[in-house]
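# Structure assessment
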Amino acid sequence: MLAATAQLQKVRRLVPVLAAVCRDLGVSSERDGHRQIALDSLAQMYRMVMTVQGPMMSTTDAAAFLELVETFLLHYGWLTKYYFDRDKLKYSLTFKAHCLWHIAYFAKHQHPKMVWCYAFEHFIGLIIRAAKACQAGTPLWRVPAKVTQNYLLVLHMQLNKADL
């Protein structure tokens, strides 16, 4: 778990370095320009998330963060279409992009660091373990309900134990 946390921190630190390297190489095409803007936006997003403190962002910080996320998604989307038109699977636009926008939109109510769900985090690790345990003999479409039922049962037992 700690190794995964350290590795993620290293990857986050590489984003601004990669943005600076690409900036030094220069923009020689429209694609390079979109890639540079996406990288710069991503680097600024990480910087903002790591420096702004508290359980929620101020209205000003949240608006700036949302603007960075929208800029990133706009240029990332351009790159997705660019490569899709050339039958190359690069810059695939996934559901995570949609979630990222919602996280940014609600940053004024809850700081993005409060809702990150990386697999190495304790609670998410427990949910993954529970889901793997529920898979045996269960159709995949029923696993989420089974995990939820088991989680609620354990929670109920813990809450009742606390009352004793």
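All values reported here derive from a predicted model rather than from experimental measurement.

The rules we used
- Residues numbered from 1 in each chain as written.
- Predicted model: local features only at pLDDT ≥ 70, side-chain atom pairs only at ≥ 80, totals over all residues.
- Heavy atoms only, no water.
- Core = buried A, V, L, I, M, F, W, Y, C linked by side-chain atoms within 4.5 Å.
- Buried < 20%, exposed > 50% of the residue type's maximum accessible area, 1.4 Å probe, protein only.
- Helix = DSSP H or I, 4+ residues; strand = E, 2+ residues; numbered from the N terminus.
- Phe/Tyr/Trp six-rings, centres within 6.5 Å; stacked < 30°, edge-to-face > 60°.
- Lys NZ or Arg CZ within 6 Å of the ring centre and 35° of its normal.
- pLDDT = per-residue confidence, 0-100.
- Contact = heavy atoms within 4.5 Å.
- Polar contact = N/O pair within 3.5 Å; in protein donor to acceptor, adjacent residues only side chain to side chain.
- Salt bridge = Lys/Arg side-chain N within 4 Å of Asp/Glu carboxyl O.
- Axes fitted to C-alpha atoms, helices over the stretch in contact; angles between N-to-C directions.
- Parallel < 35°, antiparallel > 145°, perpendicular 65-115°, else oblique.
- Left-handed = near helix turned anticlockwise from the far one by under 90°.
- Nonpolar A, V, L, I, M, F, W, Y, C, P; charged D, E, K, R; others polar.

With that out of the way, let us pick up the nonpolar core. If you look at the biggest cluster of nonpolar residues, it comprises 19 residues, and the most contacted ones within it are Met45, Met48, Met57, Phe65, Val69 and Phe72. When contributions to this core are tallied by element, the ones reaching two or more residues are α2 (30–51), α3 (59–84) and α4 (95–105). Residue contributions to this core peak at 7 residues, all from α3.

Before going further, it helps to examine the packing of aromatic side chains. Across all of its chains, the model carries 7 aromatic pairs by this definition. Arranged with centres 5.0 Å apart and planes meeting at 15°, the rings of Trp101 and Tyr105 form a pair that is stacked. Of this pair, Trp101 and Tyr105 both sit in helix α4, separated by 4 residues, roughly a single helical turn. The rings of Phe72, Tyr76, Trp78, Tyr82, Tyr83 and Tyr91 are connected pair by pair, giving a single aromatic cluster. Above the ring of Tyr82, the side-chain terminus of Arg86 is found at 3.7 Å from the ring centroid. The residue whose ring lies beneath Lys108 is Tyr105, and the NZ or CZ to ring-centre distance is 5.0 Å.

Turning our attention to the confidence of the model for the protein chain. Per-residue confidence for the protein chain gives a mean pLDDT of 86, with 88% of residues at or over 70. Mean pLDDT across the elements of the protein chain bottoms out in helix α1 (residues 2–25) (77) and peaks in α3 (96).

Mapped onto the elements, Ser41 comes out in helix α2. Among the residues examined, Ser41 registers a relative accessible area of 5% and is labelled buried. In this structure Ser41 touches Leu68, Thr71 and Phe72, once residues within four positions along its chain are discounted.

Locating Asp32 in the fold gives a position in helix α2. Among the residues examined, Asp32 registers a relative accessible area of 11% and is labelled buried. Reaching out from Asp32, the side chain makes a polar contact with the side chain of Arg35 at a distance of 2.7 Å. Contacts of Asp32, omitting those with residues within four sequence positions, involve Gly26 and Val27.

Moving on, we come to the pattern of salt bridges. Should the charged atoms of two oppositely charged side chains come close, the side chains can pair. Taken as a whole and judged by the stated rule, the model has 4 salt bridges. For Asp32, the salt bridge is made with Arg35, and the minimal N-O distance between the two is 2.7 Å. Taken as a pair, Asp32 and Arg35 lie in helix α2 at a separation of 3 residues, close to a single helical turn. Across the pair Asp85 and Lys81 runs a salt bridge, and its minimum N-O distance is 2.7 Å.

Contact geometry of α3 with α4 gives a least axis separation of 8 Å together with a crossing angle of 165°. Relative to α4, the element α3 is oriented roughly antiparallel. Crossing of α3 over α4 shows left-handed handedness. Together, Ala62, Phe65, Leu66, Val69, Glu70, Phe72 and Leu73 of α3 and Ala97, Leu100, Trp101, Ala104 and Tyr105 of α4 make up the contact between the two elements. Looking at the contact of α3 with α4 residue by residue, the classes come out as 11 nonpolar, no polar and 1 charged.

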